[in-house]
Amino acid sequence: MIESLIGFAAVLLLVLLRMPIAFAMGIVGMVGMTYETNFVAAISLVSRLIIDTSQDYGLSVVPLFILMGLFVNKGGISRELYQVSNAFLGHFRGGLAMATIAACGGFAAICGSSLATAATMSKVVMPEMRKLGYSDELSSASIAAGGTLGILIPPSVILVIYGLLTETSIGKLFIAGIVPGILGILFYLVAVQISVYRNPAAGPAGRRFSLSEKLQALSGVWSVLLLFFLVIGGLYGALDFWPIHLTFSPTEAAGMGAMGAFLIALFRGTLSVSETLTVLKETATTTAQLFSVLIGAWIFSNFVNYAGLPEGLRDMIVSADLSPWLVMTVILLIYVALGCVFESLSMLLLTVPIFFPIVIGLGYDPVWFGIIVVVVTEISLITPPVGLNVFILKSVVGDISVGTIFKGVTPFWMMDIVRLLILVLFPWLVLFLPSQM
Amino acid sequence: MKSIARVLNRLTELPMLLAAATLFVLMVLTFADVIMRSTFSAPIEAATELTRIAMAVIVFSALPVVSGRADHIVVDLLDPLFRRAGVERILDGLITLACGVLLVWPAMRSFDLAARARSYGDLTEYLSIPVFYITWFIAFMTLVTAITMALRGLVILFKPDLLRGAND
């Protein structure tokens, strides 16, 4: 067990020395396996993992969902989502900030990345909110917080990675993310209200939209909403009736989503050949990045398991007679602490191989734990000092200080903690929908 | 020197085009498979193995390019510290060089595995494509990645101005 702790420290050190996380985990795993067995066996294991991982059928879900998000984005959907939300929520106090949250939620439903959600939405809504006299604090915070929804509301790249690492059903994880995601939106809406209650000048109400304006705004997004229901409905098995009989595996759902998004963008005339090529190349690049970290994480977790770290920790917990909820609390605190320093994917890759066996050994549900990990990761995205979404926002918007955003984000952060507690105390909120599959 | 950078940039276009085209085919293939199965009850039987091959092609076409451009996911928490200490370039070079060098062994081992698949005459299930083509492609591209990273590391260490412009 001590070997794996040294290995873990070595990975941390290398990562902090700016070694790509894929290589840090891969190299430490390779060296560790050499120590545990011998050089030839270790190299063989590494090569086998490289060869097999890249040909894994289930992994094809990764590029296809990324592709779907990018194609939809090219269709200009972010602005339209915002217009719809604004038509329905804009006349409330803090309405634009609420519309931002709702639009982020909608955008998250087609895009699996929090950073992409925050970056895209900030370009659309920041100027609008400034025009209406919103405080920088509230407007930037609503985007940074709303952006975190990207990794929870399906499809989510982080959930796919968790599913692949732990061999948990990706379909179930996606469905399990729906209720906590909606809960997240509602809680953020409350956070907006708290902000404007404390400082009414921060978010003045906008004008009221007429019914025909509302309907017109809706007409822009119906195709994408339909696509989302097709993808998630097919995944859930809700579309299996005469005459269509559509049930999808995650890969198939992703393929349908990508193709659908491509066709929508094509119909709208927003997609040229060169843009299609750019989107495809960008997806391929992201895929290669994600696959390298996955392979690295697998090599590392092979070593950690071989050296018996999870069993060792489990034995320790059993012999110390710790109660499961205490262990869970400690794990969650570790996540929040790590989240202050690490970016979400790195954090997931480093911790899941170690915590997952323990948590499952304690009798927790793997799908539930996946959602909890993602919610904690979301929180880390807006936690000082290195909440990544805050920095993305800062780099996109420019003339705003990180301190301002963090200050504005506080009510959102607190609502996130409340949501986390609710999900931990009432696991059925997460597990009800997937149990019906 | 400028022209070397330009040639290198051109060179990266080819594998990226291959990856992009394969990805597009994968998307259409998955779509067609679902439609054929649900409406005509006639799934494309080779879809699974084609998907697997497509994935390998996408990942390993893009990997050398991603590595050569230093596009890997890194934790840049201590960057300001390294910059202030003035070790940023040396560190970056050493780390990249080490990654490249250490990747050579798995690449060579993959060639062995490809040769073994060839001698066994392994074929894919439906289309009877020899498995060693795929393994060999993976091995070759892993080696290209290793060499790219090692070279990049050396260039960062000894000829840092060369990278200007060749970076993207």
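Above this note sits the structure.
Cut-offs and rules
Residues numbered from 1 in each chain as written. Chains lettered and ligands numbered in written order. Predicted model: local features only at pLDDT ≥ 70, side-chain atom pairs only at ≥ 80, totals over all residues. Heavy atoms only, no water. Helix = DSSP H or I, 4+ residues; strand = E, 2+ residues; numbered from the N terminus. Rg over C-alpha atoms; globule rule 2.2 N^0.38 Å. Buried < 20%, exposed > 50% of the residue type's maximum accessible area, 1.4 Å probe, protein only. Contact = heavy atoms within 4.5 Å. Areas by Shrake-Rupley, 256 points an atom, 1.4 Å probe, with all protein chains shown as cover. Lys, Arg positive; Asp, Glu negative; His and termini not counted. Charge placed at Lys NZ, Arg CZ, Asp CG, Glu CD. Salt bridge = Lys/Arg side-chain N within 4 Å of Asp/Glu carboxyl O. Buried area = accessible area lost by both parts, 1.4 Å probe. Polar contact = N/O pair within 3.5 Å; in protein donor to acceptor, adjacent residues only side chain to side chain. Axes fitted to C-alpha atoms, helices over the stretch in contact; angles between N-to-C directions. Parallel < 35°, antiparallel > 145°, perpendicular 65-115°, else oblique. Nonpolar A, V, L, I, M, F, W, Y, C, P; charged D, E, K, R; others polar. Expected span 1.5 Å × (residues − 1). Bend = angle between axes of the 7 residues up to and from the residue. Left-handed = near helix turned anticlockwise from the far one by under 90°. Phe/Tyr/Trp six-rings, centres within 6.5 Å; stacked < 30°, edge-to-face > 60°. Core = buried A, V, L, I, M, F, W, Y, C linked by side-chain atoms within 4.5 Å. 1 Å grid on protein atoms, 1.4 Å probe; cavity = no way out; pocket = protein on both sides within 12 Å on 5 of 7 lines; lining within 4 Å. Points joined across faces, edges and corners; volume = space filled by probe spheres on them.

J.: Explanation requested: the overall build of chain B in the structure shown.
T.: For chain B, the count of helices and strands is five helices and zero strands. Each helix and strand of chain B, ordered N terminal to C terminal, gives the series α-α-α-α-α. Expected size for 168 residues packed as a compact globule is a radius of gyration near 15 Å; at 20 Å, chain B overshoots this value by more than 25%. For chain B, the C-alpha atoms occupy an extent of roughly 65 × 40 × 35 Å along the three principal directions. A total of 168 residues make up chain B; the buried ones form 43% of that total. Taking the intrachain contacts of chain B between residues at least 6 apart in sequence as the baseline, contacts between residues at least 24 apart amount to 72%. On chain B, roughly 8900 Å² of surface is accessible, and the fraction owed to carbon and sulfur atoms is 66%. Distance from the positive charge centre (15 side chains) to the negative charge centre (14 side chains) of chain B: 9 Å.

J.: Mind showing me how you'd approach the overall build of chain A here?
T.: The number of helices and strands found in chain A is 21 helices and zero strands. By the compact-globule yardstick of 22 Å for 437 residues, chain A fits well, its C-alpha radius of gyration being 22 Å. Along the first, second and third principal axes, the C-alpha set of chain A runs to 70 × 50 × 40 Å. Here chain A holds 437 residues, and 60% of them are scored as buried. Nonlocal contacts in chain A, meaning residues at least 24 apart in sequence, comprise 79% of its contacts between residues at least 6 apart. Surface summary for chain A: the accessible area is close to 16000 Å², and the carbon and sulfur share equals 70%. The distance from the centre of the 19 positive side-chain charges to the centre of the 22 negative ones in chain A is 15 Å.

J.: Where do I start with the pattern of salt bridges in this structure?
T.: Side-chain pairing between opposite charges can occur once the charged atoms of the two side chains come close. Evaluation of the coordinates by the stated rule reveals 12 salt bridges over all chains. Two residues, Arg 207 of chain A and Glu 213 of chain A, come together in a salt bridge whose shortest N-O distance is 3.0 Å. Residue Arg 83 of chain B is joined to Glu 88 of chain B by a salt bridge in which the shortest nitrogen-to-oxygen separation is 3.3 Å. Its relative accessible area of 51% is what places Arg 83 of chain B among the exposed residues. What you see here is one network of salt bridges that share partners, running through Arg 130, Asp 136 and Asp 399 of chain A.

J.: What should I look at first to understand the interface of chain A and chain B in this one?
T.: Interfaces are often described in size by the accessible area the parts lose on coming together. Contact with chain A, which involves 59 residues of that partner, is made by 53 residues of chain B. In total, chain A and chain B occlude about 5100 Å² of area from one another, counting both sides; carbon and sulfur atoms represent 78% of this. When the area that chain A buries against chain B is broken down by residue, the three leading residues are Arg 18, Phe 23 and Gln 55 of chain A, summing to 14%. Our count for the contact surface shared by chain A and chain B stands at two salt bridges. The partner of Glu 13 of chain B in a salt bridge is Lys 281 of chain A, and the shortest N-O contact between them spans 3.0 Å. Summed over the shared surface of chain A and chain B, the result is eight residue pairs in polar contact (both at pLDDT 80 or more). Among the secondary structure elements, those contributing two or more residues to the side of chain A that touches chain B are helix H1 (2-16), helix H2 (21-36), helix H3 (39-54), helix H4 (61-74), helix H13 (250-267), helix H14 (273-306) and helix H17 (344-361) of chain A.

J.: How do you make sense of the packing of helix H2 (residues 47-68) of chain B against helix H5 (residues 131-158) of chain B when you look at a structure like this?
T.: Axes are the key here: two packed helices are described by the angle between their axes and the distance separating the axes. All names here are of chain B. At a minimum axis distance of 8 Å, the contact between H2 and H5 shows a crossing angle of 10 degrees. In terms of axis orientation, H2 runs roughly parallel to H5. Of the residues in H5, those in contact with Ile 53, Ala 56, Val 57, Phe 60, Ser 61, Leu 63, Pro 64, Ser 67 and Gly 68 of H2 are Ile 134, Phe 137, Ile 138, Met 141, Thr 142, Val 144, Thr 145, Thr 148, Met 149 and Arg 152. The class makeup of the residues in the contact of H2 with H5 is 12 nonpolar, six polar and one charged.

J.: Would you explain H2 of chain B in this entry?
T.: Note that an α-helix has 3.6 residues per turn; residues three or four places apart therefore point the same way. All names here are of chain B. The end-to-end C-alpha separation of H2 is 32 Å, in line with the 32 Å expected for 22 residues at 1.5 Å each. A bend of about 25 degrees at Ala 62 is the largest found in H2, and the proline Pro 64 appears one to four places after it. Burial analysis of H2 places 18 of its 22 residues in the buried class, which makes it a mostly covered element. Positive backbone phi, approximately 55 degrees, marks Ala 70, located one or two places after H2.

J.: Explanation requested: the side chain of Ser 67 of chain B in the structure shown.
T.: Here Ser 67 of chain B lies in helix H2. For Ser 67 of chain B, the residues in contact, after removing those within four places along its chain, are His 72, Thr 145, Met 149 and Arg 152 of chain B.

J.: Sorry, what's going on with the packing of helix H15 (residues 309-319) of chain A against H17 of chain A here?
T.: Residue and element names in this part refer to chain A. One way to put it is that H15 packs onto H17 with a least axis distance of 9 Å and a crossing angle of 45 degrees. Compared by their axis directions, H15 and H17 come out oblique. Every pair of crossing elements has a handedness; the one defined by H15 and H17 is right-handed. Contact residues: Leu 309, Pro 310, Leu 313, Arg 314 and Ile 317 in H15; Pro 353, Ile 354, Pro 357, Ile 358 and Gly 361 in H17. For the contact of H15 with H17, the class distribution of residues is eight nonpolar, one polar and one charged.

J.: How should I be thinking about the packing of aromatic side chains in this particular structure?
T.: Aromatic ring pairs are reported here in terms of the distance separating the ring centres and the angle at which the planes meet. Counted by the stated rule, this structure contains 15 aromatic pairs over all chains. Ring pairing ties together the aromatic residues Phe 71 and Phe 262 of chain A together with Phe 24 of chain B, which thus form one cluster.

J.: I tried to follow the nonpolar core on my own but got confused; where do I start?
T.: Note that soluble globular proteins tend to have their nonpolar side chains buried in a common cluster. Residue and element names in this part refer to chain A. Ranked by size, the top nonpolar core spans 201 residues in total, and within it Met 68, Tyr 335, Phe 369 and Phe 412 carry the most contacts. With 15 residues, the top contributor of residues to this core is H14. Beyond its immediate stretch of four places on either side in the chain, Phe 369 contacts Tyr 162, Met 328, Ile 331, Tyr 335, Phe 355, Phe 356 and Val 359.

J.: I keep staring at the layout of surface pockets and nothing clicks. Help me out?
T.: Unoccupied space between atoms shows up once a probe the size of one water molecule is rolled over them. There is about 1500 Å³ of room inside the largest pocket. Around the largest pocket, the lining is made up of 50 residues, and of these Ser 113, Leu 115, Gln 289 and Glu 343 of chain A together with Ile 73 of chain B lie nearest the centre. Residues that form the lining of the largest pocket fall into these classes: 29 nonpolar, 13 polar and eight charged.

J.: Help me out: how do you make sense of unusual backbone geometry in this one?
T.: Negative phi values dominate among residues other than glycine, just as trans dominates among peptide bonds. Residues and elements named next belong to chain A. Look at the link from Pro 154 to Pro 155: it is a cis peptide, with omega at -5 degrees. With phi around 75 degrees, Arg 18 is a residue other than glycine that occupies positive phi space. By the element assignment, Arg 18 lies in the loop between H1 and H2.

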